[in-house]
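Here is how the chains run, residue by residue.
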Amino acid sequence: VQLVESGGGLVQPGGSLRLSCKASGFTFSSYAMSWYRQAPGKEREYVAGITSTGGSRNYADSAKGRFTISRDNAKNTVYLQMTSLKPEDTAVYYCHALRRSIATTYDYWGQGTQVTVSS
């Protein structure tokens, strides 16, 4: 099982980035996908989530109106389009996959990609 994030980097305030998370080793289309982030000295926090079919999306208040989560099940990839970036968006962004059955919960994490918003 692998989740590989990419697309992070250094961007100026007000700029945009698109993060990608490529999945392999499991049935991607059966999993809800989410993005989390962790800033230095802070707890990991939820950013956005999308259901397995893409039919429903959810955002943290900090992301609403600026970030868009999407997925392409044919490419086993989930995306996070980030616009109007602020210095407080600086963090390592992690991709998360989740599937719950009656007996078991399956979840996987990526290794993270650094996003730095600075002038």
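This section reports on the structure supplied with the text. Chains are numbered independently. Their residues run from 1 in the order of the written sequence. Totals for whole chains, interfaces and linings use all residues, but because this is a predicted model, local features are given only for residues with pLDDT of at least 70 and pairs of side-chain atoms are given and counted only at 80 or more. For the side-chain quantities, the full set of heavy atoms in the structure was used; hydrogens and water were omitted.

1. Description of the pattern of salt bridges
Any Lys or Arg side-chain nitrogen found within 4 Å of a carboxyl oxygen on Asp or Glu counts as a salt bridge. Here the structure, examined in full by the defined rule, presents four salt bridges. With a shortest N-O distance of 3.2 Å, K64 and D61 are connected by a salt bridge. Judged by relative accessible area, D61 falls into the exposed class, the value being 66%. Here D89 ties to R66 by a salt bridge, and the two come within 2.7 Å at their closest N and O atoms. Remark: R66 occurs in the loop between β6 (57-59) and β7 (67-72) and D89 occurs in the loop between β8 (77-82) and β9 (91-100); sequence separation between them is 23 residues. For the pair D89 and R66, a shared accessibility class is recorded, and that class is buried. Buried means the residue's accessible area, taken with a 1.4 Å probe over protein chains only, is under 20% of the maximum for its type, while exposed means over 50%, and partly exposed covers the values in between. Only DSSP runs of H or I with at least four residues qualify as helices, and only runs of E with at least two residues qualify as strands; both kinds are numbered from the N terminus onward.

2. Here's the deal with the sheet that holds β8
Within the open sheet, the four strands sit side by side as β1-β3-β8-β7. Their pairing is antiparallel. Strands with a single pairing partner mark the edges of an open sheet, and in this sheet they are β1 (2-6) and β7. Ignoring which end each strand starts from, the neighbouring axes of this sheet average 15° apart. Here a strand pair is declared whenever DSSP counts at least two bridges between the two strands. Under this scheme, a helix contributes an axis fitted over its contacting stretch, all axes are lines through C-alpha atoms, and angles between N-to-C directions fall in the 0 to 180 degree range.

3. What to know about the side chain of R71
Within the fold, R71 resides in strand β7. Two residue types count as positive, namely Lys and Arg, and two as negative, namely Asp and Glu; His and chain ends fall outside the count. Notably, R71 is buried but unbridged: the nearest opposite-charge side chain belongs to D72, and the N-O separation is 8.2 Å. Polar contacts involving the side chain of R71 include one to the side chain of N73, which spans 2.7 Å. Residues in contact with R71, not counting those within four places in the same chain, are F28, S29, Y31, A32, M33, I50, T51, S52, G54, T77, V78 and Y79. Identification of polar contacts relies on pairs of N or O atoms within 3.5 Å, with a donor-acceptor requirement for protein atoms, meaning one able to donate a hydrogen and the other able to accept it, and with residues adjacent in sequence counted only if both atoms are side-chain atoms. The contact criterion used throughout is that any non-hydrogen atoms of two residues lie within 4.5 Å.

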